[in-house]
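# Geometric and topological summary
The primary structure of each chain is shown beneath.
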Amino acid sequence: MLEGNGYSLAQELGSAGSCLEEFQTVPMMQCSGGQVCNHGVRTDKAFYLANEQNPDFTVKPESNLDDLIGFVSRCAVCGGPSKIIARHSFTAEVPECPEGFEEIWEGFSYLMVTSSGASGGGQTLASAGSCLEEFYVPTFVECLGRGTCAYYINNLDYWLAQNPDMTQPGMWGMGNVYSGLDEIMDQGVARCTVCARNTLEL
């Protein structure tokens, strides 16, 4: 997700555009009508998918690129003749793929991230980007225009919740608090599957 001048733009994690070939703390510049552009404006932000399961919020913001890259998740862009979809169970059970589809991976149902103010962005639930193979919070590391990155306690991640009692949609689990990764993964967050269908066989 990118944020500039208080407005945010989410990158779909299931699309090639979310996988940058080079890492920059803030990969965009701000241009005005006077043929002037500024790179690294103080209020600009970039959010990268993190890879730390137990982040230390007491650590000061990092500015060394070699150290920063260690906190950022890596990615690859792949191509093929397949139609890709995600299915979400709203339970602790991994859903099966529809007939004619094969499972690529199973994961946890991710919805969106919000930051300070009104900024935030989410995933299309039909996209592979909404089914992350690993569950961890916080999901993103935040980089600022001044060239530093860190985990910030005011960034909130939203995951689809388990709701096994589908006769009372939206009521089961309301008000529940899940503490610790084991409890969250067993009782709180919903499971998902990413499925592929070979379009050349249709």
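Each value, and the rule that gives it
- Residues numbered from 1 in each chain as written.
- Predicted model: local features only at pLDDT ≥ 70, side-chain atom pairs only at ≥ 80, totals over all residues.
- Heavy atoms only, no water.
- pLDDT = per-residue confidence, 0-100.
- Helix = DSSP H or I, 4+ residues; strand = E, 2+ residues; numbered from the N terminus.
- Disulfide = S-S within 2.5 Å.
- Buried < 20%, exposed > 50% of the residue type's maximum accessible area, 1.4 Å probe, protein only.
- Pairing = 2+ DSSP bridges.
- Salt bridge = Lys/Arg side-chain N within 4 Å of Asp/Glu carboxyl O.
- Phe/Tyr/Trp six-rings, centres within 6.5 Å; stacked < 30°, edge-to-face > 60°.
- Lys NZ or Arg CZ within 6 Å of the ring centre and 35° of its normal.
- 1 Å grid on protein atoms, 1.4 Å probe; cavity = no way out; pocket = protein on both sides within 12 Å on 5 of 7 lines; lining within 4 Å.
- Points joined across faces, edges and corners; volume = space filled by probe spheres on them.

### Some thoughts on the confidence of the model for the protein
Taken over all residues, the pLDDT of the protein has a mean of 85, while the share at 70 or more is 90%. The secondary structure element of the protein with the lowest average pLDDT is helix α1 (residues 65-69), at 81, and the one with the highest is strand β9 (residues 131-132), at 95.

### Topic: the state of the cysteines
What the rule picks out here adds up to five disulfides. Two residues, Cys 97 and Cys 195, share a disulfide whose sulfurs are 2.1 Å apart. Handedness of the Cys 97-Cys 195 disulfide follows from its S-S torsion of about -90°: it is left-handed. Pair noted here: Cys 97 is in the loop between β6 (82-88) and β7 (102-114) and Cys 195 is in strand β13 (residues 191-198), with a separation of 98 residues, a long-range link. No difference in accessibility class separates Cys 97 from Cys 195, as the two residues are buried. Residue Cys 143 pairs covalently with Cys 149 via a disulfide, S to S 2.0 Å. On the S-S bond that ties Cys 143 to Cys 149, the torsion sits near 105°, and the link is right-handed.

### So, the sheet that holds strand β2 (residues 7-9)
With antiparallel pairing, five strands are arranged side by side in an open sheet as β2-β1-β5-β10-β11. If you trace the sheet from one side to the other, it starts and ends with β2 and β11 (149-150), each paired once. In the sheet, strand β10 (residues 140-144) pairs with β11 via two bridges, with the strands oriented antiparallel. Across the sheet, residue Cys 143 finds its bridge partner in β11, namely Cys 149.

### Looking at the pattern of salt bridges
Using the criterion set out here, one finds two salt bridges in the structure. One salt bridge connects Lys 45 with Glu 142, and the closest N-O pair in it is separated by 3.6 Å. In this pair, Lys 45 is assigned in strand β5 (residues 45-49) and Glu 142 in strand β10, connecting sequence segments 97 residues apart. Exposure class is identical for Lys 45 and Glu 142. Each is buried. Close ionic contact of Arg 191 with Glu 106 constitutes a salt bridge, the shortest N to O distance being 3.6 Å. Within this pair, whereas Arg 191 is found in strand β13, its partner Glu 106 is found in strand β7, the two being separated by 85 residues in sequence. Judged by its relative accessible area of 15%, Arg 191 is buried.

### Overview of the packing of aromatic side chains
Counting across every chain of the model gives six aromatic pairs. Between Tyr 110 and Trp 159, the aromatic rings sit 4.8 Å apart at their centres with planes inclined by 75°, giving edge-to-face as the arrangement. Of the two residues, Tyr 110 sits in strand β7 while Trp 159 sits in strand β12 (residues 156-159), which places them 49 residues apart along the sequence. Comparing Tyr 110 with Trp 159 shows no difference in burial state: the two are buried. Pairwise contacts between aromatic rings join Phe 108, Tyr 110, Phe 135, Phe 140 and Trp 159 into one cluster. Stacked on the ring of Phe 108, the Lys or Arg Arg 191 has its end atom at 4.2 Å from the ring centre.

### Digging into the layout of surface pockets
Its volume calculated, the largest pocket comes out at about 1,500 Å³. As for the largest pocket, its lining consists of 50 residues, of which Leu 13, Ser 18, Cys 19, Cys 75 and Ala 76 are closest to the centre. Residue assignment for the lining of the largest pocket shows that the elements contributing at least two residues are β5, β6, β7 and β9.

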